[in-house]
Every structure is written in C-alpha cells, then in structure tokens.
Amino acid sequence: MAATMRIRQAEAADAAAIRGVVDAAYAKWIPLIGRLPTPMRADYAKSVQDHRFDLLQIDEELAALIETTRRDDEGNGHLLVVNVAVHPSFQGRGFGTTLLTRADTIAAGAGLTRLRLYTNKKYTANLRLYGSLGYEVEREEPYDGPGRTLDDDITVHMVKAIAP
C-alpha cells in the first residue's frame, strides 16, 4: 500500500516529536559549524505556543516541519521562516521545498508580500535551495548567538518577495 502524505498544524502534544526531527536533521551540521545549530537550542514546548508549525507526515510518522511567525515591520510586515527541518530518513524527496512553498501560501493568505529566513553560510546546499525558490541574500553578519567558536561562523539573512 502506498504511503499517505499529509500536512497539518502542530499542537502542544507535538513538541517532543518536533524536537526529535530537529535534532536528527541538524546533527550533521555540528562538526561543520563547531556548535549546536540554533534550532537545536529551542524550547519547542514554548515555540509551538508562540509560532505556527506545519508538520508533514508520511502515514503517522513526522517526516518534516516548517516553523513560521509573522513579524510586523516597515508597513505590512513579513513572514519569518524560523526553521525548516526534514528527518534524514526522508531527505531528498522534496519535502523541504513542499513546506517552503506552503510558507508562500501562508504569507500570501495573511496579505504579506515578503518572507525572510536566515541560515548559516556553511549550509551551502540550503543556500542553493533557497536561491532556487526565489530567496535572495539580504545581508551577512557574524553569528552572535551562544556557542560561537569559529571566526567563519556567518549568518546569512535572505528575503523573498511574493505577489499579494
């Protein structure tokens, strides 16, 4: 029988499963950047209350997620993509792209004309993906969060314009 994919919004009870996917997805980056990636430091019980999470499930298994939040600034604001994570056993199937496209729909539905995200400059595959989906580099700056150990730890801020 073919697997069934569905996307649903997270509930408080999903926080532990979200943590599991995030930790699995981001573990590969620890040796590259010399610290825990920012999403691995988050309190997902709190984040599920404060942000929107869209969960992509294959049958009943959580395969991927996107975390977004509205930020009001400069007029009508933007949708910030806080986190996109795909469990390693589900990577390479286009689920990240599916969820990023969903963020476009969420933003447009809220009357927003921009999306923003940030990532590490060393995540070159992610930078290529975001660029292919219309995100452009807005600025780069040294990472200034907890755990910084490397001088080349750079945060890349990206923005994407969408039609209202």
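Thresholds applied
Residues numbered from 1 in each chain as written. Predicted model: local features only at pLDDT ≥ 70, side-chain atom pairs only at ≥ 80, totals over all residues. Heavy atoms only, no water. Salt bridge = Lys/Arg side-chain N within 4 Å of Asp/Glu carboxyl O. Helix = DSSP H or I, 4+ residues; strand = E, 2+ residues; numbered from the N terminus. Buried < 20%, exposed > 50% of the residue type's maximum accessible area, 1.4 Å probe, protein only. Pairing = 2+ DSSP bridges. Axes fitted to C-alpha atoms, helices over the stretch in contact; angles between N-to-C directions. Expected span 1.5 Å × (residues − 1). Arc of directions from axis to C-beta. Contact = heavy atoms within 4.5 Å. Core = buried A, V, L, I, M, F, W, Y, C linked by side-chain atoms within 4.5 Å.

Chemist: Hey, could you go over the pattern of salt bridges for me, with residue numbers and the actual values?
Modeler: One pass over the full model with this rule turns up 13 salt bridges. Between Asp-23 and Arg-19 there is a salt bridge, with its nearest N and O atoms 3.0 Å apart. Here Arg-19 and Asp-23 lie together in helix 1 (residues 15-26), a separation of four residues that amounts to about one turn. Notably, a salt bridge pairs Glu-138 with Arg-116, separated by 2.6 Å at the nearest N-O pair. Placement of the pair is Glu-138 in strand 6 (residues 136-142) and Arg-116 in strand 5 (residues 114-120), with a sequence separation of 22 residues. Here Arg-116 falls in the buried class, since its relative accessible area comes to 13%. One salt-bridge network, in which partners are shared between bridges, spans Arg-116, Glu-138, Arg-139 and Glu-141.

Chemist: Before we move on, could you go through the sheet that holds strand 4 (residues 78-86) and cite the residues and values that matter?
Modeler: Pairing in this open sheet of seven strands is mixed, and the strands run 1-2-3-4-5-7-6 from one edge to the other. Strands with a single pairing partner mark the edges of an open sheet, and in this sheet they are strand 1 (5-9) and strand 6. On average, adjacent strands in this sheet sit at an angle of 25 degrees to one another, irrespective of strand direction. Judged from the three bridges that link them, strand 4 and strand 5 form a sheet pairing that is parallel.

Chemist: Residues and numbers for helix 1, please.
Modeler: An α-helix turns once per 3.6 residues; consequently, residues spaced three or four apart project the same way. Given a rise of 1.5 Å per residue, 12 residues ought to cover 16 Å, and the 16 Å separating the end C-alpha atoms of helix 1 matches this to within 8%. Burial in helix 1 covers these residues: Ala-15, Ile-18, Val-21, Val-22, Ala-25 and Tyr-26. Looking down the long axis of helix 1, one finds its buried residues gathered within 125 degrees of arc, a one-sided arrangement. In this structure, the buried residues of helix 1 make contact with helix 2 (30-33), helix 3 (44-50), strand 2 (52-58), strand 3 (61-71) and strand 4.

Chemist: Help me get a handle on the nonpolar core, residues and values and all.
Modeler: Counting residues in hydrophobic clusters, the biggest one holds 25 residues, and the most contacted among them are Val-81, Phe-95, Leu-115 and Tyr-135. The biggest single contributor to this core is helix 4 (residues 95-109), with six residues. Leave out the neighbours within four places in its chain, and Leu-115 touches Leu-79, Val-81, Ala-103, Asp-104, Ala-107, Tyr-135, Met-158, Val-159, Lys-160 and Ile-162. The next biggest cluster of nonpolar side chains, apart from the first, holds 18 residues, and it includes Ala-10, Trp-29, Ile-33 and Leu-62.

Chemist: Tell me about the pairing of strand 7 (residues 154-161), residues and numbers included.
Modeler: Most of strand 7 is tucked away: seven of the eight residues are buried. Judged from the seven bridges that link them, strand 5 and strand 7 form a sheet pairing that is antiparallel. Pairing of Arg-116 across the sheet is with Val-159, part of strand 7. Bridge analysis of strand 6 against strand 7 gives six bridges, and the strand direction is antiparallel. Paired with Pro-142 across the strands is Ile-154, a residue of strand 7.

Chemist: Could you give an account of the pairing of strand 2, naming the residues involved and the relevant values?
Modeler: Buried residues dominate strand 2, accounting for six of its seven residues. In this sheet, strand 2 lies alongside strand 1 in antiparallel orientation, the contact comprising five bridges. From the neighbouring strand, Arg-8 faces strand 2, where its bridge partner is Leu-55. Bridge count for strand 2 against strand 3 is seven bridges, and the pairing is antiparallel. Each residue of the ladder has a partner; that of Ile-58, found in strand 3, is Glu-61. Between the end of strand 2 and the start of strand 3, which pair antiparallel, lie two residues, with Asp-59 showing a positive phi angle near 55 degrees.

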